[in-house]
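# Structural overview for review
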Amino acid sequence: MNKEKIGKGQASGKIILMGEHSVVYGEPAIAFPFQETYISTKVEPDTTMIVDCHYFSGNLSEVPAQLKSVKEVIVQTLTALHHETATLKITITSTIPAERGMGSSAAVAVSIVRALFDYFDIPCTSEDLLPLVNGAEKIAHGNPSGIDAAATTGNEPLYFIKGHPLESFPMNVSNAFLIVADTGIKGQTRATVSDVAHLFEQNKQEISQHITELGHLTKSAKQAILADDVHTLGKVMNQAHVQLQALTVSNDQLDQLVTTARENGALGAKLTGGGRGGCMIALADSKEEAEKIAASIETAGAVATWIQSLGVKN
């Protein structure tokens, strides 16, 4: 092995387009890689085992509890590569905001695994990658669905039903741009999932209707994408936000940004992820419209916005 070698790995963020919360109850969800945000990892030789990132810089053995999943994925990957005693400096840089429902923890793990495999000149297949990433995700999230790990490693949208294999499908829209806006507030996924479960126990009939409707809307969104029907996709997104409001997982900031987006020409807008913070998404049918919507959302209080083309790459 060339001791001067540098290993590099990268992973994108992810966005849930449809199906938040209802996915917990067996309904489908759609997620896809969000290439406008990413995490990069660089591996180079060192005399001790060092991790350098935004939250911590120092010896791997001294990483804080919040980075336990990072430590685990490094240790497990080196074990898988039969280089348990390697001494390296692992530098992680990120443009994915943490705790916003954009898959930052999974993307960190993906980029680390890819960089370590690259450093040791070993090809990294999905069969190598996903078990290592899912192991880290279990530490970060307790019982992950696996959708973050898959979405941050691939290139296509994923259609996901709990307990079933992930199904990829083409993003078959010719003129569509997605605006993602960060409220600046950490998402409350664990709390909102728990609160929806409590509501479900209190009033199964009413909450089941909202969950079932979210499932129908997710199926409609997939059909709209496959039919290249961006206007129907926008309407479905709007309807999904109403159902998520009924499940109490939105908040004033999200609702304000969603309303602002629609008032400024968005075809559809909704929260994305766990809710009560994190991010919202809006749909536009041109780059110019997307830029106008993004500017209006920032004026209304979003701390950051990103625009990604959903169009078919010719």
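Given the structure is predicted, the values throughout are model-derived calculations rather than measurements.

This part covers the sheet that holds strand β11 (residues 304-309). The strand order β9-β10-β8-β11 describes an open sheet built from four strands, whose pairing is antiparallel. The outermost strands of the open sheet, each flanked by one partner alone, are β9 (268-272) and β11. Adjacent strand axes in the sheet meet at a mean angle of 20° when their direction is disregarded. Note that strand β8 (residues 177-182) and β11 share six bridges and pair antiparallel. Of the residues in β11, the one forming a bridge with leucine 178 is glutamine 308.

As a further point, take helix α7 (residues 230-246). For α7, which comprises 17 residues, the first-to-last C-alpha distance of 25 Å matches the rise-based estimate of 24 Å (1.5 Å per residue) to within 8%. When we look at burial in α7, the residues that qualify are Val230, Leu233, Gly234, Val236, Met237, Asn238, Ala240, His241, Gln243 and Leu244. Packing partners of the buried residues in α7 comprise β1 (7-18), β8, α6 (204-226), α8 (252-263), β9 and β10 (279-284). Among the residues trailing α7, threonine 248 stands out with phi positive, at a value near 70°.

Enumeration over the complete set of coordinates arrives at two aromatic pairs. Taking the centre distance of 5.1 Å and the plane angle of 40° together, the rings of tyrosine 25 and phenylalanine 200 count as tilted. Separated by 175 residues along the polypeptide, tyrosine 25 in the loop between β1 and β2 (29-45) and phenylalanine 200 in helix α5 (residues 189-202) bring together distant segments of the chain. On the accessibility criterion, phenylalanine 200 (17% relative accessible area) is buried. Consider the rings of tyrosine 119 and phenylalanine 120, whose centres lie 5.0 Å apart with planes at 90°: the pair is edge-to-face. On the accessibility criterion, tyrosine 119 (1% relative accessible area) is buried. Sitting above the plane of the tyrosine 159 ring, lysine 222 keeps its charged end 4.3 Å from the centroid. The ring centre of phenylalanine 169 lies 5.5 Å from the NZ or CZ of lysine 222, which sits over that ring.

What follows deals with the side chain of threonine 272. Within the secondary structure, threonine 272 is located in strand β9. A distance of 2.6 Å separates a polar atom in the side chain of threonine 272 from the backbone oxygen of isoleucine 16. Here threonine 272 is in contact with Ile15, Ile16, Glu20, Cys279, Met280 and Ile281, once residues within four sequence places are set aside.

Another aspect to go through is the pattern of salt bridges. Two side chains with opposite charge may pair up if their charged atoms get near one another. All chains considered together, the criterion is met by eight salt bridges. As a salt-bridge pair, lysine 42 and glutamate 44 come within 3.8 Å of each other at their nearest N and O atoms.

Moving on: the UniProt feature "domain: GHMP kinase C-terminal" (unreviewed entry) in the protein chain. Per the UniProt annotation, the sites labelled "domain: GHMP kinase C-terminal" (unreviewed entry) are residues 222-300. As annotated, residues 222-300 comprises 59% helix and 14% strand, and the C-alpha atoms at either end are separated by 30 Å.

What follows is about the side chain of threonine 260. If you trace the backbone, threonine 260 turns up in helix α8. Not counting chain neighbours up to four residues away, the residues in contact with threonine 260 comprise Ser296, Ile297 and Ala300.

The next thing to look at is the packing of α7 against α8. The N-to-C vectors of α7 and α8 enclose an angle of 160°; their axes lie 12 Å apart at closest approach. When the axes of α7 and α8 are compared, the pair comes out roughly antiparallel. When you trace α7 past α8, the crossing you get is left-handed. For the pair α7 and α8, contact is made by Asn238, His241 and Gln245 and by Asp255, Val258 and Arg262, respectively. Residues that form the contact of α7 with α8 fall into these classes: one nonpolar, three polar and two charged.

Procedures and definitions
- In this convention, every chain numbers its residues from 1, walking through the sequence in written order.
- Residues qualify for local features only when their pLDDT is at least 70, as the model is predicted, and side-chain atom pairs are given and counted only at 80 or more; totals for whole chains, interfaces and linings, by contrast, use all residues.
- Side-chain metrics in this entry use all non-hydrogen atoms of the structure; hydrogen atoms and water are not considered.
- Strand pairing requires that DSSP identify at least two bridges connecting the strands.
- Helix and strand definitions follow DSSP, with helices as H or I runs of at least four residues and strands as E runs of at least two, each counted in order from the N terminus.
- Lines fitted to C-alpha atoms define the axes, with helix axes restricted to the stretch in contact, and inter-axis angles between N-to-C directions lie between 0 and 180 degrees.
- The span expected for a helix works out to 1.5 Å for each residue beyond the first.
- Throughout, exposure labels follow a simple rule: accessible area from a 1.4 Å probe, protein chains only, divided by the maximum for the residue type, with under 20% read as buried, over 50% as exposed, and the rest as partly exposed.
- Should any heavy atoms of two residues lie within 4.5 Å, those residues are counted as being in contact.
- The rule is short: rings of Phe, Tyr and Trp, with Trp giving its six-membered ring, pair when the centres are within 6.5 Å, and they are stacked under 30 degrees, edge-to-face over 60, tilted in between.
- The criterion for a charge sitting over a ring is simple: Lys NZ or Arg CZ within 6 Å of the ring centre, and within 35 degrees of the ring normal.
- Two N or O atoms form a polar contact when they lie within 3.5 Å of each other; inside protein one atom must be a possible hydrogen donor and the other a possible acceptor, and for residues adjacent in sequence the pair counts only when both atoms belong to side chains.
- Salt bridges are counted wherever a side-chain nitrogen of Lys or Arg sits within 4 Å of a carboxyl oxygen of Asp or Glu.
- UniProt positions are given in the numbering used here, feature names are shortened, and annotations may be inferred rather than shown by experiment.
- Orientation is classified from the angle alone, with under 35 degrees giving roughly parallel, over 145 giving roughly antiparallel, 65 to 115 giving roughly perpendicular, and any other angle giving oblique.
- By the definition used in this description, the sense in which the near helix is turned from the far one sets the handedness, with an anticlockwise turn below a right angle giving left-handed and a clockwise turn giving right-handed.
- When residue character is reported, Ala, Val, Leu, Ile, Met, Phe, Trp, Tyr, Cys and Pro are called nonpolar, Asp, Glu, Lys and Arg charged, and the others, Gly included, polar.

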